[in-house]
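In case you want the letters, here they are:
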Amino acid sequence: TPSETAVPATRDFKMDEKVGQHYVPKFYLRQFGTSEGNKPICRVFCFDKLLGKSYLVNVNKIGKENYFNNVDGTQAFEDALAKYEGFISSSYHQLLKVERLSELSLKDKTLIAHMIATQHSRTRDVRELIKEASSHVALQLKNENLEVPSFIEKLTYEENAKRFQYDLMAKTTSKFAMLLMQMKWYLFHNQTSVSFWTSDKPLIYFNIFPHDKFDGLGYTRPGSELYFPLNPKMTLAIVDPRLYDGLSEDLDIEDIAEVLSFNERQVRNSRRYLFSLDPDFSLAEKIIAMEPDLRDIEKNRFQNEKIDWSKFL
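Residues numbered from 1 in each chain as written. Predicted model: local features only at pLDDT ≥ 70, side-chain atom pairs only at ≥ 80, totals over all residues. Heavy atoms only, no water.

(A) Fine view of the overall build of the protein. Counting its regular elements, the protein contains eight helices and 12 strands. Counting across all 313 residues of the protein, residues that qualify as buried make up 47%. Across the protein, contacts joining residues at least 24 apart in sequence account for 75% of those joining residues at least 6 apart. Carbon and sulfur atoms provide 54% of the accessible area of the protein, an area that totals close to 16100 Å². (Helix = DSSP H or I, 4+ residues; strand = E, 2+ residues; numbered from the N terminus. Buried < 20%, exposed > 50% of the residue type's maximum accessible area, 1.4 Å probe, protein only. Contact = heavy atoms within 4.5 Å. Areas by Shrake-Rupley, 256 points an atom, 1.4 Å probe, with all protein chains shown as cover.)

This is the structure we're talking about:
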């Protein structure tokens, strides 16, 4: 059952104030953009799957929403997250600097694992999954003339889903980071002229084995893979050590088709927005033209799922 209490307040703010709060860190997004001379402004090319359009935008305006991390009119969680980002960003930048996993300290590797574990849970997409799953469960219970538990009903609303999301982060982030540390890490170095893309949901999960779409990508499953683009030229892979072992920790990619394969996964995985150093999003346009459902960000992804309630009653 999600907590019904908000995190303690550190400062109040006025609700008529425009407060943009990131669900993808700005320090990370800046790596996929360019700055003009000594100006602090950094811009990145963005592709909007919903509208099918691309544009150049300031990184201060992407991967964020107004009041996204606010609970009960306070920015307590946003304040805590900002301090946390300041702590872990140095380890991320250290990996970008050394460009070798073998030169990364255990402390830095651990903090990068925590960065990934936090990113896993903090997105708009995770919050929407909470609401979609709760709405589908409530609807199915009603259709079967069963009582809907109050906590399920509450999770269909933004504020309660937000609290549940933060409870989830608090309870699982450290455990997930520890699990990531037990996996095999590789660093892909992009030697091609095509850049790695990232998105509003940058972590890519994959499994070479047949799996259930909602329960088959977990890190206790054989064949689990996670890909995290670090910048346009490097992607971190964290994979099942039982299947992927004995390879060099640093792998060069010289075939453009391999980079396009990574970017294709970003198109399919992202919620709405793709981000790139380069303006060419023709790959995304082609994929969406063939699969227009990828533009539908309002659909309930559980709507075709049937739950056997006899297992729980």
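(B) Main features of the pairing of strand β10 (residues 234-239). Judged by how many residues are buried, β10 sits mostly within the fold: six of six residues are covered. Side chains M234, L236 and I238 project from β10 onto one buried face, and the interleaved T235, A237 and V239 project onto a second face that is buried too. Pairing geometry for strand β6 (residues 184-190) and β10, over six bridges, is antiparallel. Across the sheet, H189 pairs through a bridge with M234, a residue of β10. (Pairing = 2+ DSSP bridges.)

(C) Focus on the packing of aromatic side chains. Applying the stated criterion across every chain, the model contains 12 aromatic pairs. Judged by centre distance (5.2 Å) and plane angle (55 degrees), the ring pair of Y23 and F68 falls under tilted. With Y23 in the loop between β1 (20-22) and α1 (26-29) and F68 in the loop between β5 (64-66) and α2 (76-98), this pair connects stretches of sequence that are 45 residues apart. The exposure classification of Y23 matches that of F68, with both residues buried. (Phe/Tyr/Trp six-rings, centres within 6.5 Å; stacked < 30°, edge-to-face > 60°.)

(D) The arrangement of the sheet that holds strand β9 (residues 224-231) in detail. Here five strands make up an open sheet; going across it, the order is β8-β9-β10-β6-β11 and the pairing mixed. Since the sheet does not close on itself, it has two edges, and those belong to β8 (204-207) and β11 (250-253), each with one partner. Each adjacent strand pair in this sheet contributes to an overall mean axis angle of 25 degrees, direction not counted. (Axes fitted to C-alpha atoms, helices over the stretch in contact; angles between N-to-C directions.)

(E) Spotlight on the pattern of salt bridges. Inspection of the entire model under this criterion finds 19 salt bridges. One salt bridge connects R124 with E65, and the closest N-O pair in it is separated by 2.9 Å. Of this pair, R124 sits in helix α4 (residues 124-143) while E65 sits in strand β5, and the two are 59 residues apart along the sequence. The salt bridge partner of R163 is D72, with a shortest N-O separation of 2.7 Å. Taken together, the residues R163 in helix α6 (residues 158-181) and D72 in the loop between β5 and α2 connect sequence positions 91 residues apart. Overall, D72 belongs to the partly exposed group, its relative accessible area being 47%. Members of the salt-bridge network, linked through shared partners, are E65, R124, R127, E128, K131 and E158. (Salt bridge = Lys/Arg side-chain N within 4 Å of Asp/Glu carboxyl O.)

(F) Inspection of the packing of α4 against α6 at higher detail. Close contact between α4 and α6 brings their axes to 9 Å; oriented N to C, the two are set at 115 degrees. Here the hand of the crossing between α4 and α6 comes out right-handed. Contact with α4, carried on its side by R124, V126, R127, E128, I130 and K131, involves E158, A161, K162, F164, Q165 and Y166 of α6 and no other residues of that element. Here the contact of α4 with α6 is built from residues that sort into five nonpolar, one polar and six charged. (Left-handed = near helix turned anticlockwise from the far one by under 90°. Nonpolar A, V, L, I, M, F, W, Y, C, P; charged D, E, K, R; others polar.)

(G) Main features of α2. Taking 1.5 Å per residue as the helical rise, α2 with its 23 residues ought to reach 33 Å, and the 34 Å between its terminal C-alpha atoms agrees with that figure. Where α2 bends most, the angle comes to about 30 degrees, and this point is I88. Remark: E99 follows α2 within two positions and exhibits a positive phi of approximately 60 degrees. (Expected span 1.5 Å × (residues − 1). Bend = angle between axes of the 7 residues up to and from the residue.)

(H) Representation of the environment of F164. Locating F164 in the fold gives a position in helix α6. Relative accessible area serves as the criterion here: at 27%, F164 is assigned to the partly exposed category.

(I) A look at α6. Given a rise of 1.5 Å per residue, 24 residues ought to cover 34 Å, and the 33 Å separating the end C-alpha atoms of α6 matches this to within 8%. At T172, α6 shows its strongest bend, of approximately 45 degrees. Buried within α6 are the following residues: N160, A161, K162, R163, Q165, Y166, M169, T173, F176, A177 and L180.

(J) Quick look at a nonpolar patch on the surface. A contiguous nonpolar patch, built from I208, F209 and L243 and spanning about 260 Å² of accessible area, is present on the exposed surface. Along the polypeptide, L243 turns up in the loop between β10 and β11. (Patch = residues over 30% accessible without salt bridge, like charges linked within 9 Å, V, L, I, M, F, W, Y side chains within 5 Å.)

(K) Inspection of the environment of S54 at higher detail. Structurally, the position occupied by S54 is in strand β4 (residues 53-58). It is 7.5 Å that separates the C-alpha atoms of S54 and F281, two residues lying 227 residues apart in sequence. With near-sequence residues (within four places) excluded, S54 lies in contact with C46, F47, P279 and F281.

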